[in-house]
Amino acid sequence: MEIQIATIVSGSETPAGDGMSGALRCVLTLPDGTKRSAIIKRGPAGQIMAEAFSAILLSKWGLPVPPPFLIEEGTTLAFASADVGYPNLKQSLALDCLPHGPAREAATRIAATLACGLPTTPLAAACDEAIDNRDRNLGNILWDGSAEIWIDHALSLGQGAHMTDVNKLCAMAVAVGYDERLQRSAVAQGLLLERDAPNSTEVALTSSSIPATGVASIVIARLNSLGNRLVARFPRPVDLLTGHDRA
Ligand SMILES: Nc1ncnc2c1ncn2[C@@H]1O[C@H](COP(=O)(O)OP(=O)(O)OP(=O)(O)O)[C@@H](O)[C@H]1O
Ligand SMILES: [Mg+2]
């Protein structure tokens, strides 16, 4: 997947997300003149790099992600992704409409169970571990009732260093009792990730003004210990017996 430079149709922006970081639905003009509905995100250069790098890399690894775009705005760059038209898993199950309490907790558990059972979840868990994505919450999984698309990689590749070091898909699997299944299949998917993809992603970005030098080596280092990293996201039998934290 290449990343195209697009321009935004002025006045086309409307709020898209929870408003925490200001994702906006908008219309883009692509290099060939066609118009495309998209979600634009502005933010620190590091997060724009993380979104762009991850979109290309995860697509090379076969994870369904929306086509990415870069938007040049004066001296800064914004990231956009093609609007796939699906709601996220929080919206699909109307979680935010439920009052805090048992009903919301039960619905959240159902959403987490659904997230853990999607066909590409093991691949997504392996990818998240490789790019150090700490923010795979239910709002970052789009689902139309049958197909899923994975979005929002702004807090990967070191951009989430201020957050708890967590692989949220693995944590969800532990919470809903899918851990054995996900552990096995995510480790297997991790073995299949194309080892040259991080370098070719970095090369693909050199012609853009995204500063991604050295990012491939971060991913490659994580790939070299991916199996162990994934296994460490799940309780070991000894943890279950003793209740002690892992060493
Ligand atoms: N490509 C896309 N297609 C359809 N919907 C999208 C797409 N990208 C983002 N969205 C919607 O916009 C929401 C916010 O996008 P995203 O998760 O990337 O940003 P965010 O930083 O979490 O933003 P916010 O804090 O405003 O929610 C998503 O939860 C999803 O509902
Ligand atoms: Mg998000």
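First things first, this report covers the structure right here in the doc. (Residues numbered from 1 in each chain as written. Chains lettered and ligands numbered in written order. Predicted model: local features only at pLDDT ≥ 70, side-chain atom pairs only at ≥ 80, totals over all residues. Heavy atoms only, no water.)

**Digging into the coordination of the magnesium ion (ligand 2)**
Reasoning step 1: On the protein side, the magnesium ion (ligand 2) has Asn 140 (OD1) and Asp 152 (OD) as donor atoms, found 2.1 to 2.2 Å from it. Taken together, the positions of Asn 140 in the loop between helix H4 (121-131) and strand S7 (141-143) and Asp 152 in the loop between strand S8 (148-150) and helix H5 (168-176) put the pair twelve residues apart, joining distant regions of the chain.
Reasoning step 2: With relative accessibility at 5%, the residue Asn 140 sits in the buried group. (Donors = N, O, S within 2.8 Å, 3.2 Å for Na, K, Ca; no water. Helix = DSSP H or I, 4+ residues; strand = E, 2+ residues; numbered from the N terminus. Buried < 20%, exposed > 50% of the residue type's maximum accessible area, 1.4 Å probe, protein only.)

**So, the pairing of strand S5 (residues 68-73)**
Reasoning step 1: Pairing between strand S1 (residues 4-8) and S5: three bridges, direction parallel. When the bridges of S5 are listed, Ile 5 appears paired with Leu 70.
Reasoning step 2: Note: S5 against strand S6 (residues 76-82), six bridges, orientation antiparallel. Note that in S6 the partner of Glu 73 across the bridge is Thr 76. (Pairing = 2+ DSSP bridges.)

**Structural notes on empty space enclosed by the protein**
Reasoning step 1: If you walk through the whole model with that rule in mind, you get one cavity of 30 Å³ or more.
Reasoning step 2: Estimated volume of the largest cavity: approximately 30 Å³.
Reasoning step 3: Forming the boundary of the largest cavity are Asp 128, Glu 129, Asp 132, Asn 133, Val 166, Asn 167, Arg 222 and Arg 233.
Reasoning step 4: Here the lining of the largest cavity is built from residues that sort into one nonpolar, two polar and five charged. (1 Å grid on protein atoms, 1.4 Å probe; cavity = no way out; pocket = protein on both sides within 12 Å on 5 of 7 lines; lining within 4 Å. Points joined across faces, edges and corners; volume = space filled by probe spheres on them. Nonpolar A, V, L, I, M, F, W, Y, C, P; charged D, E, K, R; others polar.)

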